[in-house]
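What the coordinates show
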Amino acid sequence: MAERERLNTRQRGTVFVPKSQLLSPEEVQRAVRRMAHEILERNEDIANLVIIGLQTGGICFAERLADVIHEVSGVDIETGTLDVAFYRDDVTIRPVLESAETSVDADLADRVVLLVDDVLYTGRTIRAALNALADWGRPQAIQLAVMVDRGHRELPIRADYVGKNLPTSQEEAIDATLDGVWIGTLVKK
Amino acid sequence: MIDSIAGGNLVSLATLSQRAIVEVLDTAESFVEVNSRAVKKVPALKGKVIASLFFEESTRTRLSFETAAKRLSADVLSLAVASSSVKKGESLRDTINTIDALGIDAVVMRHSSSGAPVQVSRYVPHVRVINAGDGQHQHPTQGLLDAFTVRQVLAARAGTSGRESGSELFAGLKVLIVGDIRHSRVARSDIEVYTRLGAHVTVAAPGTLLPSDIAQWPVTVATNFDEALATADVVGLLRLQKERGSGAFVPSLGEFTSTYGLTARRAKLLRPEAIIMHPGPMNRGVEIDSQVADSSAAVIEQQVRNGVPVRMAVLYLTTAGATLESDPND
């Protein structure tokens, strides 16, 4: 497979080079459906849920989860997007990430917020997202869904819903989209 | 040409590529969203110290830079030059070294001498330098916020977002800049930013208020002001700068107004969708009639409002991260 641009990283000047496919698009779809059912099971008042996708890799999964939950329950789920670039704690030790759109129209006070991301790794993105959400008020609860949990946590953070646990080495990189999950490496352009 | 101001200084727009400019505009879109929240503050520059050094007076630039720094959680050291040792004859170098000794990460500076920010960047290479206007040279953040305002207006009309449109709304756009081009750093920055984004810039001014090297600039000089007005998409007016001696370059203010002022009569020549801009402070009744400045075609207040998010973008990109060379992931 030819080199392809890794769209869901905003690390300047890097390209994701895939090595092998870990999950097919069908397997990803099945995992998303399963997560949607788990979310419905755990949240009786599903209309109180707001799904927020993390820029940029979490957006496609957030939208897909909202679609499946709507399909199954008939409830329209409010969604939003969140960019945590301005909240990162590693901002001073690496070049700034390019920012992406944040759009949270819902009032989050007393709502259950479901954060959605593609890959859970060190946990620092999620910590930044929790910080950011505090600026919108006080949600009743915050839950986390990720497509892939690849381990190597540096903070006490865990996901409530996991599409697939994939133990990886820190030298590797994971690319997760609705088109499948790939393992590969990040190389400089 | 530089492709990103991330981790660097912002002294002039002349060295920035289109990509670097679009990155600032896109980042500013993120900060417009931040400024619309109940809590208008993000921790991106927490622990950073930004010195604001205005050796020349300013209201909006200074206030919007300091507001921008505070909304990014930076600490702001503000030097009131009029009551500082500068008045006792301290040199620029000594002033900068003194402030640097207190520990600063960035300096936002305005100075009446062209090139002062470049000089300062040599004195303190470890400090990010952001030019807030130097003599007749450049006023980069004004140029950026003017372009941002134009993109915002055009994107709203086209039913798209600024971020999605990138630079495409500027392709072939006719921008007319009127007035004291010779003394204006705003004109120099505007011309850089608009031409880099793909617009076509025309200038209109009495011959005495055009710089002597205008032939080398990437602009067309209007031979007939009224005709140029009738085809312009954007009209950028400039303040007649009496403190830089502009008064001596025109026979009288009244004559300037009647030949190059945007009077209510002349404003009727404009296309209905033309955008009228002014960087402020305005000399109402000189370069622009009061009723034109307050008309719906004028976006002067929107320019001031956009000053904060655009300057947040500049401070964030230049000061928040490490320099591109020191990426630990390399």
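Residues numbered from 1 in each chain as written. Chains lettered and ligands numbered in written order. Predicted model: local features only at pLDDT ≥ 70, side-chain atom pairs only at ≥ 80, totals over all residues. Heavy atoms only, no water.

1. Considering the overall build of chain A
The helix and strand inventory of chain A stands at three helices and eight strands. Put simply, chain A runs from its N terminus to its C terminus through helices and strands in the order β-α-β-α-β-β-α-β-β-β-β. A compact globule built from 189 residues should have a C-alpha radius of gyration of about 16 Å, and chain A, at 16 Å, falls within 12% of that. Dimensions of chain A, computed from the C-alpha atoms along their principal axes, are close to 45 × 40 × 25 Å. Considering chain A as a whole, with its 189 residues, one finds that 54% of them fall into the buried category. (Helix = DSSP H or I, 4+ residues; strand = E, 2+ residues; numbered from the N terminus. Rg over C-alpha atoms; globule rule 2.2 N^0.38 Å. Buried < 20%, exposed > 50% of the residue type's maximum accessible area, 1.4 Å probe, protein only.)

2. Observations regarding the domain arrangement of chain B
Residue and element names in this part refer to chain B. Entries for chain B in the domain assignment read domain 1 (18–138 + 306–319) and domain 2 (140–304). On a C-alpha basis, the centroid separation for the pair domain 1 and domain 2 is 25 Å. Contacts between domain 1 and domain 2 engage 28 residues on the former and 30 residues on the latter. Taking both partners together, domain 1 and domain 2 bury about 2600 Å²; carbon and sulfur atoms supply 54% of that area. When the buried area of domain 1 at its contact with domain 2 is split by residue, Gln136, Gln138 and Asn306 rank highest and sum to 26% of it. Where domain 1 meets domain 2, there are 18 residue pairs in polar contact (both at pLDDT 80 or more). At the level of elements, helix H1 (18–35), helix H2 (60–71), strand S3 (106–111), strand S4 (128–134) and helix H12 (300–320) are the ones that each hand at least two residues to the side of domain 1 that touches domain 2. Element by element, the count of residues in the side of domain 1 that touches domain 2 is highest for H1, at 10 residues. (Domains from an automatic or database assignment. Contact = heavy atoms within 4.5 Å. Buried area = accessible area lost by both parts, 1.4 Å probe. Polar contact = N/O pair within 3.5 Å; in protein donor to acceptor, adjacent residues only side chain to side chain.)

3. A closer look at the confidence of the model for chain B
Residues and elements named next belong to chain B. With 96% of its residues at a pLDDT of at least 70, chain B reaches an overall mean of 93. Note that pLDDT drops below 50 for residues 326–330; the model gives that stretch 10 contacts with residues more than four away or on any other chain. Our summary of model confidence lists the complex with pTM equal to 0.90 and ipTM equal to 0.81. (pLDDT = per-residue confidence, 0-100.)

4. A few points about the packing of aromatic side chains
Tallied over the entire structure, the rule returns four aromatic pairs over all chains. Measuring from ring centre to ring centre gives 4.7 Å for Phe86 of chain A and Tyr316 of chain B, while their planes differ by 85°; the resulting arrangement is edge-to-face. Taken as a pair, Phe86 of chain A in the loop between strand S3 (78–82) and strand S4 (112–120) and Tyr316 of chain B in helix H12 lie in two separate chains rather than in one. Per residue, the accessibility class of Phe86 of chain A equals that of Tyr316 of chain B, and both read buried. For the pair Phe225 of chain B and Tyr260 of chain B, a centre-to-centre distance of 5.2 Å together with 35° between the ring planes defines the contact as tilted. Of this pair, Phe225 of chain B sits in helix H8 (residues 225–231) while Tyr260 of chain B sits in helix H9 (residues 253–260), placing them 35 residues apart in sequence. The residue whose ring lies beneath Arg150 of chain A is Tyr121 of chain A, and the NZ or CZ to ring-centre distance is 4.0 Å. Positioned above the aromatic ring of Phe65 of chain B, the side-chain terminus of Arg311 of chain B is 5.1 Å from the ring centre. (Phe/Tyr/Trp six-rings, centres within 6.5 Å; stacked < 30°, edge-to-face > 60°. Lys NZ or Arg CZ within 6 Å of the ring centre and 35° of its normal.)

5. Section: the packing of helix H5 (residues 140–158) of chain B against helix H7 (residues 185–197) of chain B
Residue and element names in this part refer to chain B. Between H5 and H7, the shortest axis-to-axis distance is 8 Å and the interhelical angle comes to 45°. By the angle between their directions, the pair H5 and H7 is classed as oblique. The interaxial crossing formed by H5 with H7 has right-handed handedness. Residue-level inspection shows Pro140, Gln142, Gly143, Leu144, Asp146, Ala147 and Val150 of H5 in contact with H7, the latter providing Val186, Ser189, Asp190, Val193, Tyr194 and Leu197. When grouped by side-chain class, the residues that make up the contact of H5 with H7 number eight nonpolar, three polar and two charged. (Axes fitted to C-alpha atoms, helices over the stretch in contact; angles between N-to-C directions. Parallel < 35°, antiparallel > 145°, perpendicular 65-115°, else oblique. Left-handed = near helix turned anticlockwise from the far one by under 90°. Nonpolar A, V, L, I, M, F, W, Y, C, P; charged D, E, K, R; others polar.)

6. A look at the pairing of strand S8 (residues 180–188) of chain A
Residue and element names in this part refer to chain A. Where strand S1 (residues 14–23) lies against S8, eight bridges are found, and the strand directions are antiparallel. Paired with Gln21 across the strands is Trp182, a residue of S8. Relative to S8, strand S7 (residues 173–177) runs antiparallel, the two being bridged by five bridges. Its bridge partner being in S8, Ala176 is matched across the sheet by Val181. Adjacent in sequence and paired antiparallel, S7 and S8 are bridged by two residues. (Pairing = 2+ DSSP bridges.)

7. Section: unusual backbone geometry
Across the junction of Gln55 of chain A and Thr56 of chain A, the peptide omega takes the value -5°, indicating a cis bond. By secondary structure assignment, the location of Thr56 of chain A is in the loop between strand S2 (49–54) and helix H2 (59–73). Omega for the peptide link from Gly280 of chain B to Pro281 of chain B comes to -10°, which places this bond in the cis form. Inspection of the secondary structure assignment puts Pro281 of chain B in the loop between strand S9 (275–277) and helix H11 (290–293). Residue Asp110 of chain A is not a glycine yet carries a positive backbone phi of 65°.

8. Thoughts on the sheet that holds strand S5 (residues 141–149) of chain A
All names here are of chain A. Read across the open sheet, the five strands follow the order S3-S2-S4-S5-S6; overall the sheet is parallel. Both outer strands of the open sheet, S3 and strand S6 (161–165), are each paired with one neighbouring strand and no more. Each neighbouring strand pair of the sheet contributes to a mean axis angle of 25°, computed without reference to strand direction. In this structure, S5 lies alongside S6, joined through four bridges in parallel fashion. Paired with Asp149 across the two strands is Asn165, which belongs to S6. Strands in contact with helix H1 (residues 25–42) are S2, S4, S5 and S6; relative to S6, the strand with the most contacts, it is inclined by about 150°. Packed onto the sheet, H2 meets S2, S3, S4 and S5 and runs at close to 155° relative to S2.

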